Amino acid sequence: MKSSTQFRTIVLSDIHLGTEGSKAREATEFLRNYSCQKLILNGDIIDGWQLKQYGTWKKKHTAFFKTVLKQIVHYDTKVIYLRGNHDDFLDQIMPLKVGKNFSIRKDYTLASGDKKFYITHGDVFDSITSQMKWLAYLGDLGYTFLLWINKFYNQYRAWRGLPYYSLSQQIKQRIKQAVNYISDYEQKLTELARARHCDGIICGHIHKPAIHNFDGIIYMNSGDWVESLSALVEDHDGNWNLLYYTSEDEDEAEAAAITHELTHQ
């Protein structure tokens, strides 16, 4: 008998496993605390770009997929992995279905209550990543450098007792071109949902968690696990919310681990 799940659907994107900036441990703790009937990994889960250059695969990155497998075993969770631009190496094997609970594909249409959502990573409308890949790589280097600076800045803030601060998010919010890009991106994705005869779009890619309504079309972005540490969740009544990782998730996971040890002594 499978345990009941807390959510009907969880959507995670942009974990960028294999990179220094990936909050893989936090993403894993998040999944250990929340269960679902359907888990959608919406692109850039593995960062093939950086792994080819200077990224490294660590135990904490493997731990994430072990936790995904535990969801399948314990809750009969259906896992759908959608390809992003950083894990475009999946083009060589998609579509791929492994058993009844795991598949890799380009996009997905999800029925949610009386609504339909078209789910895609979102890079299809990014002309830089789709047509000028060399420039995207260059931008990726600059972004990685920002994250490197941000890491040391937050170590200093932690020493001062100050909360986490995302330098790269602040820069993106203050640059007019970045703000305009996000606005255009959201509008184009909602137009895609309308063209697909869907009530809404679920995407990732731009690392900007959001739930908006554009002219009757629902736009939802699950954010990322580099800066925002966020996920989209659907309850069993078809209601959607953004859920953010907090230190309480880690505390609960540690408490559960201690309890597990005590019961096996």
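Higher on the page you've got the structure.
We now turn to the structure provided with this report. Please read these numbers as outputs of a predicted model, since none were measured by experiment. (Residues numbered from 1 in each chain as written. Predicted model: local features only at pLDDT ≥ 70, side-chain atom pairs only at ≥ 80, totals over all residues. Heavy atoms only, no water.)

1. Section: the sheet that holds strand S2 (residues 36-42)
What counts, and what does not: Only strands that DSSP links by at least two bridges are regarded as paired with each other. In DSSP terms, a helix is any run of H or I states spanning at least four residues, a strand is any run of E spanning at least two, and both are numbered starting from the N terminus. With axes taken as lines fitted to C-alpha atoms, and helix axes fitted only over the stretch in contact, angles between N-to-C directions fall between 0 and 180 degrees. Note on contacts: a residue pair is in contact if any heavy atoms of the two residues lie within 4.5 Å.
Taken in spatial order, the 7 strands line up as S4-S5-S3-S2-S1-S11-S12 in an open sheet, and their pairing is mixed. This sheet does not close on itself; its edge strands, each paired only once, are strand S4 (96-98) and strand S12 (240-244). Sheet twist, expressed as the mean angle between neighbouring strand axes with direction ignored, is 20°. Direction of pairing for strand S3 (residues 78-82) relative to strand S5 (residues 102-105): parallel, over a ladder of 4 bridges. Considered in S5, the bridge of Leu82 is made with Arg105. Docked against the sheet, helix H1 (residues 24-33) engages strand S1 (7-12), S2, strand S11 (230-234) and S12, running at close to 175° with respect to S1.

2. Notes on the pairing of strand S9 (residues 210-214)
Along a regular strand, successive side chains alternate from one face of the sheet to the other. Pairing of S9 with strand S10 (residues 217-221), which is carried by 5 bridges, proceeds in the antiparallel orientation. Bridge assignment links Ala210 to a residue of S10, and that residue is Asn221. Between S9 and S10, which pair antiparallel and follow one another directly, the connecting turn spans 2 residues, one of which, Asp215, has a positive phi of 50°.

3. Topic: the packing of aromatic side chains
The criterion, for reference: For Phe, Tyr and Trp, where Trp contributes only its six-membered ring, two rings pair if their centres lie within 6.5 Å, and the inter-plane angle classes them as stacked under 30 degrees, edge-to-face over 60, or tilted in between.
Under the criterion given, the structure shown has 8 aromatic pairs. On the numbers, 6.5 Å between centres and 20° between planes, the contact of Trp57 with Phe65 is stacked. Ring-pair connections join several aromatic residues into one group, and the members of that group are Phe7, Phe30, Tyr34, Trp225 and Tyr245.

4. Observations concerning a nonpolar patch on the surface
Filter applied, for reference: For patches, a residue must show more than 30% relative accessible area and have no salt bridge; joins then use 9 Å for like charges and 5 Å for nonpolar side chains, namely Val, Leu, Ile, Met, Phe, Trp and Tyr. Note that accessible areas follow from Shrake-Rupley with a 1.4 Å probe, and for residues the cover is restricted to the protein chains shown. Salt bridges are defined by distance alone: a side-chain nitrogen of Lys or Arg within 4 Å of a carboxyl oxygen of Asp or Glu.
On the surface, a nonpolar cluster with roughly 230 Å² of combined accessible area is contributed by Ile93, Leu96 and Val98. For Val98, the location among the structural elements is in strand S4.

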